[in-house]
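# Observations on the model geometry
Okay, here's what each chain looks like letter by letter:
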Amino acid sequence: RDVYRKNSSDARLEELEFEEGSLSPEFNKNVYDYTISISNDESFLTINKIKTVEEDATYEIKDSLVLFENVDNKVEIEVTSADGNTKKTYKVRIVKSRSSNNYLRSLITSVGILSPEFDRETTMYTVGVRDTVNSINIGGVPESNLASVRGLGVYNLRSGNNYANVTVVAENGEVRVYTIKIIKG
């Protein structure tokens, strides 16, 4: 006598796990909407585990796993039951964290020498210039191209102490100020 197994109508996932972050809420086969938070520098999403409840069910990843900047990224995974009659879609919204990098990669002056030598962690510097120098150009480059920098450019100098503030604002709004005390004379 032949035994026939009826194909299942179960179109759910048993497991879903990503390498780059954790799902919120935690994965549950009966929940279909998720969010995953990943670092801003991720450009690709990797699925570590994906398994259907019924081994004969199939799934299709409906969206690209390549992530784009400044766009709402999402991944939809459509599961089709073994009997082909039931479909369920798991939706994962991908949220990139905003960069907190408010460091400079470099800080330079057109005349004089920074003291101490530039270090991204050091925010107070001194530069001595001759009394005949009337201006100084301050240049710098942020570590992150998502940060904005204010205070670069030419400063007119008067005798004595002069101050230049270079402000770096990270994508998430965190601020770091580098101060250069320019001593003329």
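Before reading on, note that the structure itself is shown above.
Notes on the structure follow. Computed from a predicted model, the values in this text were never measured in an experiment.

Attention now moves to the overall build of the protein chain. Tallying secondary structure elements over the protein chain gives 0 helices and 14 strands in all. The order of α-helices and β-strands along the protein chain, N terminus first, is β-β-β-β-β-β-β-β-β-β-β-β-β-β. Its C-alpha radius of gyration of 28 Å places the protein chain more than 25% over the 16 Å reference for a compact globule of 185 residues. By principal-axis analysis of the C-alpha atoms, the protein chain measures approximately 105 × 25 × 20 Å. Within the protein chain, the fraction of its 185 residues that count as buried is 34%.

Below, the discussion takes up the sheet that holds strand β10 (residues 135-142). A sheet is described by the order of its strands in space; here 3 strands give the open sequence β8-β10-β12, paired in antiparallel fashion. If you trace the sheet from one side to the other, it starts and ends with β8 (104-109) and β12 (153-156), each paired once. Looking at each pair of strands side by side, their axes are set apart by 20° on average, direction ignored. Sheet analysis places β10 next to β12, joined by 4 bridges and oriented antiparallel. Across the sheet, residue Ile138 finds its bridge partner in β12, namely Gly153.

The next thing to look at is the packing of aromatic side chains. On inspection of all chains with the given rule, the structure shows 5 aromatic pairs. Where Phe27 meets Tyr90, the ring centres are 5.9 Å apart and the plane angle is 40°; that geometry is what we call tilted. You can see Phe27 sitting in the loop between β2 (23-24) and β3 (33-38) and its partner Tyr90 sitting in strand β7 (residues 87-96), a full 63 residues away along the chain. With respect to burial, Phe27 and Tyr90 carry one shared label: buried. Put simply, the rings of Phe27, Tyr32, Tyr34 and Tyr90 touch in pairs and so form one group of aromatic residues. The residue whose ring lies beneath Arg120 is Tyr103, and the NZ or CZ to ring-centre distance is 3.8 Å.

The strand order across the open sheet built from 4 strands is β9-β14-β13-β11, with neighbouring strands paired in mixed fashion. In this open sheet, the two edge strands, each paired with only one partner strand, are β9 (124-129) and β11 (148-150). Adjacent strand axes in the sheet meet at a mean angle of 20° when their direction is disregarded.

Our focus in this paragraph is the environment of Leu23. Following the sequence through the fold, Leu23 ends up in strand β2. Along the sequence, Leu23 and Ile36 sit 13 residues apart, while their C-alpha atoms lie 4.8 Å from each other. Ignoring any residue separated from it by four or fewer positions in sequence, one finds Leu23 in contact with Leu16, Phe18, Tyr34, Thr35, Ile36 and Val92.

Reading guide: rules and limits
- Residues numbered from 1 in each chain as written.
- Predicted model: local features only at pLDDT ≥ 70, side-chain atom pairs only at ≥ 80, totals over all residues.
- Heavy atoms only, no water.
- Helix = DSSP H or I, 4+ residues; strand = E, 2+ residues; numbered from the N terminus.
- Rg over C-alpha atoms; globule rule 2.2 N^0.38 Å.
- Buried < 20%, exposed > 50% of the residue type's maximum accessible area, 1.4 Å probe, protein only.
- Pairing = 2+ DSSP bridges.
- Axes fitted to C-alpha atoms, helices over the stretch in contact; angles between N-to-C directions.
- Phe/Tyr/Trp six-rings, centres within 6.5 Å; stacked < 30°, edge-to-face > 60°.
- Lys NZ or Arg CZ within 6 Å of the ring centre and 35° of its normal.
- Contact = heavy atoms within 4.5 Å.

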